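Chain by chain, the residues:
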Amino acid sequence: MFNKDVFIPLITPFTPQGDVCRHSVRQLMQQLQPHATGFVPCLTSGEGWLLSPSQWQDMVSYCVEFAAGKPVIAGIERPSTSEVITYADEAARLGATGIIFTAPFYPDLPQAAIYNHFVQVHDQTELDIHVYFESELCRNKWEVDTLLTLCAGARVVAIKESNGEEKLAPHLRNIRRMGVKVYQGWEDKLLQYDHDGVMASYCNLDPGHCAQVINHRDYGENTLLVERCRQQGIFEPDWYKRVKTILFQQGVIATDLTLDALQEAKHHAHASTPVSA
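Residues numbered from 1 in each chain as written. Predicted model: local features only at pLDDT ≥ 70, side-chain atom pairs only at ≥ 80, totals over all residues. Heavy atoms only, no water.

Visitor: Give a description of the pairing of strand 6 (residues 156-161) that names residues and reports values.
Guide: With five of six residues buried, strand 6 lies mostly within the body of the structure. Strand direction decides the pairing type here: strand 5 (residues 128-133) and strand 6, joined by five bridges, are parallel. Counterpart to Phe133 in the pairing with strand 6 is Glu161. For the crossover from strand 5 across helix 5 (residues 144-150) to strand 6, the handedness is right-handed. Taken together, the four bridges between strand 6 and strand 7 (residues 181-184) define a ladder with parallel strand orientation. Looking across to strand 7, one finds that Ile159 is bridged to Val182. Handedness of the strand 6-helix 6 (residues 169-177)-strand 7 crossover: right-handed. (Buried < 20%, exposed > 50% of the residue type's maximum accessible area, 1.4 Å probe, protein only. Helix = DSSP H or I, 4+ residues; strand = E, 2+ residues; numbered from the N terminus. Pairing = 2+ DSSP bridges. Right-handed = clockwise from strand over helix to strand, strands pointing away.)

Visitor: Which residues make up the sheet that holds strand 8 (residues 197-198), and what values do they have?
Guide: Pairing is parallel in the open sheet, where eight strands are placed in the order 2-1-8-7-6-5-4-3. Each end of this open sheet is capped by a strand with a single partner; those strands are strand 2 (38-40) and strand 3 (73-76). In terms of strand pairing, strand 3 meets strand 4 (residues 98-101) through four bridges, oriented parallel. Its bridge partner lying in strand 4, Ile76 is registered against Phe101.

Visitor: Describe the packing of aromatic side chains, listing the residues and the values that go with them.
Guide: Applying the stated criterion to the full structure yields seven aromatic pairs. Aromatic side chains Trp49 and Tyr240 sit 5.9 Å apart centroid to centroid with 80° between the ring planes, which places their arrangement in the edge-to-face category. Here Trp49 is found in the loop between strand 2 and helix 2 (53-66), whereas its partner Tyr240 is found in helix 9 (residues 239-249), with 191 residues between them in sequence. In this structure Trp49 comes out as partly exposed when scored by relative accessible area, which is 28%. Seen from their ring centres, Phe118 and Trp142 are 5.6 Å apart, and the 55° between their planes marks the pair as tilted. Residue Phe118 is located in helix 4 (residues 111-124), and its partner Trp142 is located in the loop between strand 5 and helix 5; the two are separated by 24 residues in the primary sequence. Linked through ring pairs, Phe101, Phe118, Phe133 and Trp142 together constitute an aromatic cluster. (Phe/Tyr/Trp six-rings, centres within 6.5 Å; stacked < 30°, edge-to-face > 60°.)

Visitor: Please provide a residue-by-residue account of the packing of helix 7 (residues 207-216) against helix 8 (residues 219-231), values included.
Guide: Direction vectors running N to C along helix 7 and helix 8 enclose 145°, while the axes themselves pass 9 Å from each other. In the crossing of helix 7 with helix 8, the sense of the turn from one axis to the other is left-handed. Facing His209, Cys210, Gln212 and Val213 of helix 7, the residues of helix 8 in contact are Glu221, Asn222, Leu224, Leu225 and Arg228. Counted by class, the contact of helix 7 with helix 8 contains four nonpolar, three polar and two charged residues. (Axes fitted to C-alpha atoms, helices over the stretch in contact; angles between N-to-C directions. Left-handed = near helix turned anticlockwise from the far one by under 90°. Contact = heavy atoms within 4.5 Å. Nonpolar A, V, L, I, M, F, W, Y, C, P; charged D, E, K, R; others polar.)

Visitor: I'd like a rundown of the environment of Arg242, residues and numbers included.
Guide: In this structure, Arg242 sits in helix 9. Owing to a relative accessible area of 31%, Arg242 belongs among the partly exposed residues under this scheme. For the pair Arg242 and Lys141, spaced 101 residues apart in the sequence, the C-alpha separation amounts to 28 Å. Setting aside residues no more than four positions away along its own chain, Arg242 makes contact with Gln232, Gly233 and Glu236.

Here's what the structure looks like:
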């Protein structure tokens, strides 16, 4: 019996007009349901840092609608503490069971500022908090002591480990002893150390394969999974575009458009519009 979690950081499917495609969200989530512990919309795989407020709201709302009672952890990728709190309030209103967010998007913050950011959000929401432990988006380096202190918060229930540093392994074990779950965010590190489950982009394509690897500690299947990820571009900077293209080719989502592509098309359309004399 599987005892490790599979939380899926969903891609965000769009219509050609740039709206979140409700039909595509429903089809994708129905396909993933058998192997999903829960769903995580609007995180980095879902282009969360680029979504407009209405796109974010629609994506979270559709996920709650189609989750079939499974947890929905709303990703909040906003630069400031006040924005994260505003989005957390909206996530609660929409029916999310938790939120996941990282440090503020201001480079080289002192550790006290990172800690205070999380404390302020923690004290302003009643939702479960998942810590998004990463540095690429927020451009801040976390100290281990900061992470350990954060995990003592009453409603901090889990972290997504996306830093990928091997030296963190013993500290992650300590975090688990505190009763906080640790989810692995890298497909090529699923068997690097023990954890409570996976929250990685490849789960959009084959959550059952991820579940098999982590629950059976199957090194042969892990090697195969990592090779598939390389072939499918999961480790490339535009991995979410690669995932969308595969899902589009499979007929699961209506387009493989990303927000960058939509904005570029809008720019070209505006540039080519003739100006009245």
